[in-house]
Amino acid sequence: MTDSPYTTLPQWPNAYPATGASATLKLQNEDFVVTELPLQLPSGEGEHIWLDIEKNGANTAYVAQQLAEAAGVQDRDVGYAGLKDRYAITRQWFSIYLPKGETPDLTQLQHPEFKVLSQTRHVKKLRPGDLQGNRFRIVLRDVIGDRDAIEANLRAVASQGVPNYFGAQRFGHDGGNVEQGRAMLAREIRVRNPKKKGIYLSAVRSFVFNEVLALRIQQGLWGQVLPGDVMDEPGRPTGPLWGRGRVSTTDQTQALENGVSERHATLCDGMEHAGLDQERRSLVASPQDMTWEWPQADQLVLTFSLPAGNYATSVLNEILRTTEPGRFVEGEGEGAAAE
């Protein structure tokens, strides 16, 4: 069975009633501030230099390349825990493998788009996912709409969380990574580049998860625990990250998830044959320490923290519709994700 081409992403439903409000996001880099919450702090000794860096107008991969050049190492010797968006002010840790020789003082590095705040040594390299999450401070400008409706959704989001959708960045421009992934899994195209293959598999897997979450919302099941659900550690229901192995859900949940997998048989069968193992992801993203204020009648400032792998866009989408300046290139970064 071959699924129809995935030429556009669906409009996945919201959990809460639409406010009808809109705002401008990232008019300035200062409007989107992200601070990484590390799993651990460096110990002060070891073969790796850890750098606490603030960047403004640069993406994570570019900064890593600049650090490799400054330290005289290969790109592979530089590590970081997560990608952060270019059009933002972000603070995150990088590591550089430098076991021998004199330690360069990279705090003296001069660059218009980032600065090294501190450096110290540690025993291990930073790898993707080595973070607790991120703290966000988001300024929404030119807010238009009913403030009472916005406030009602803000309170609902703060108390009940939001659908833990994967954000649009995961799927590439116009969702193109999903279609490329389908074509790859259907053996219509051959992808030799391991990095591209990984991107396409990730997009396909995330798409199926979003489809399961969307169906639960469409059926009026948001916020409910169903017979057969598999719960996460905090006690929230989870959805499938598709792969091989025995399905852990039962009853109503298993029937719902199997219905989605049958609709997207090429994707799900292909992921199993690609060697991905079944995993689970929470259906709910719960922003922590969420606050908001209105410095001006048309300006809303939000602050909250999210665990690794959760998207700030999932929070914003439940409050109002946002548009970004034309400079923004979708897929250029993961700044709206806590990854």
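Cut-off values and rules
- Residues numbered from 1 in each chain as written.
- Predicted model: local features only at pLDDT ≥ 70, side-chain atom pairs only at ≥ 80, totals over all residues.
- Heavy atoms only, no water.
- Salt bridge = Lys/Arg side-chain N within 4 Å of Asp/Glu carboxyl O.
- Helix = DSSP H or I, 4+ residues; strand = E, 2+ residues; numbered from the N terminus.
- Buried < 20%, exposed > 50% of the residue type's maximum accessible area, 1.4 Å probe, protein only.
- Core = buried A, V, L, I, M, F, W, Y, C linked by side-chain atoms within 4.5 Å.
- Contact = heavy atoms within 4.5 Å.
- Phe/Tyr/Trp six-rings, centres within 6.5 Å; stacked < 30°, edge-to-face > 60°.
- Axes fitted to C-alpha atoms, helices over the stretch in contact; angles between N-to-C directions.
- Parallel < 35°, antiparallel > 145°, perpendicular 65-115°, else oblique.
- Nonpolar A, V, L, I, M, F, W, Y, C, P; charged D, E, K, R; others polar.
- Left-handed = near helix turned anticlockwise from the far one by under 90°.

(A) Structural detail: the pattern of salt bridges. For the structure shown, the criterion picks out 15 salt bridges. We note a salt bridge from Arg 205 to Glu 279, for which the minimum N-O separation is 3.3 Å. Here Glu 279 lies in strand 10 (residues 279-282) and Arg 205 lies in helix 4 (residues 194-218), a separation of 74 residues in the sequence. Arg 205 sits in the buried class, given a relative accessible area of 12%. One continuous salt-bridge network, built from bridges that share partners, spans Glu 179, Arg 182 and Glu 188.

(B) Inspection of the nonpolar core at higher detail. Ile 138, Leu 140, Ile 150, Leu 302, Phe 304 and Ile 319 are the most contacted members of the largest nonpolar core, which totals 62 residues. The element best represented in this core is helix 4, accounting for twelve residues. Those residues in contact with Leu 302 that sit more than four places away from it in its chain are Phe 136, Arg 137, Ile 138, Leu 140, Leu 154, Met 290, Thr 291, Trp 292, Leu 316 and Ile 319. One finds Ala 64, Leu 67, Val 73 and Phe 114 within the second-largest nonpolar core, a separate group that totals 17 residues.

(C) Summary view of unusual backbone geometry. With a phi close to 55°, Asp 251 is a non-glycine residue in the positive phi region. Among the structural elements, Asp 251 can be located in helix 5 (residues 251-263). Its relative accessible area of 54% is what places Asp 251 among the exposed residues. The residue Asp 289 is not glycine, and still its phi comes out positive at about 50°.

(D) Summary view of helix 6 (residues 265-273). Along helix 6, the positions that sit buried rather than exposed are Ala 265, Thr 266, Leu 267, Cys 268, Gly 270 and Met 271. Residues of helix 6 that are buried in the fold lie against helix 3 (176-185), helix 4 and helix 5. Phi turns positive, to about 95°, at Gly 275, one or two residues after helix 6.

(E) Summary view of the side chain of Asp 52. Turning to its location among the elements, Asp 52 is positioned in strand 3 (residues 48-56). Residue classification places Asp 52 among the buried residues on the basis of a relative accessible area of 6%. Leave out the neighbours within four places in its chain, and Asp 52 touches Arg 91, Gln 92, Trp 93, Lys 115, Val 116, Leu 117 and Ser 118.

(F) View of the packing of aromatic side chains. Scanning all chains against the criterion turns up eleven aromatic pairs. Judged by centre distance (5.1 Å) and plane angle (75°), the ring pair of Tyr 6 and Phe 207 falls under edge-to-face. Here Tyr 6 is found in the segment before strand 1 (22-25), whereas its partner Phe 207 is found in helix 4, with 201 residues between them in sequence. Members of the aromatic cluster, connected to one another through ring pairs, are Tyr 6, Trp 12, Tyr 165, Phe 171 and Phe 207.

(G) Representation of the packing of helix 3 against helix 4 in the model. For the pair helix 3 and helix 4, interaxial distance at closest approach is 8 Å and the crossing angle is 105°. On the basis of their axis angle, the class for helix 3 and helix 4 is roughly perpendicular. Taken together, the residues of helix 4 that come into contact with helix 3 (itself represented by Asn 177, Val 178, Gln 180, Gly 181, Arg 182, Met 184 and Leu 185) are Lys 197, Ile 199, Tyr 200, Leu 201, Ala 203, Val 204 and Phe 207. Class assignment for the residues of the contact of helix 3 with helix 4 results in nine nonpolar, three polar and two charged.

(H) Up close: the packing of helix 4 against helix 6. Where helix 4 meets helix 6, the closest approach of the two axes is 10 Å, and the angle between their N-to-C directions is 130°. One finds that helix 4 runs oblique with respect to helix 6. Like other packed secondary-structure pairs, helix 4 and helix 6 cross with a definite hand, here left-handed. Contact residues: Val 204, Arg 205, Phe 207 and Val 208 in helix 4; Leu 267, Cys 268 and Met 271 in helix 6.

All we've got here are geometric facts, nothing functional implied.
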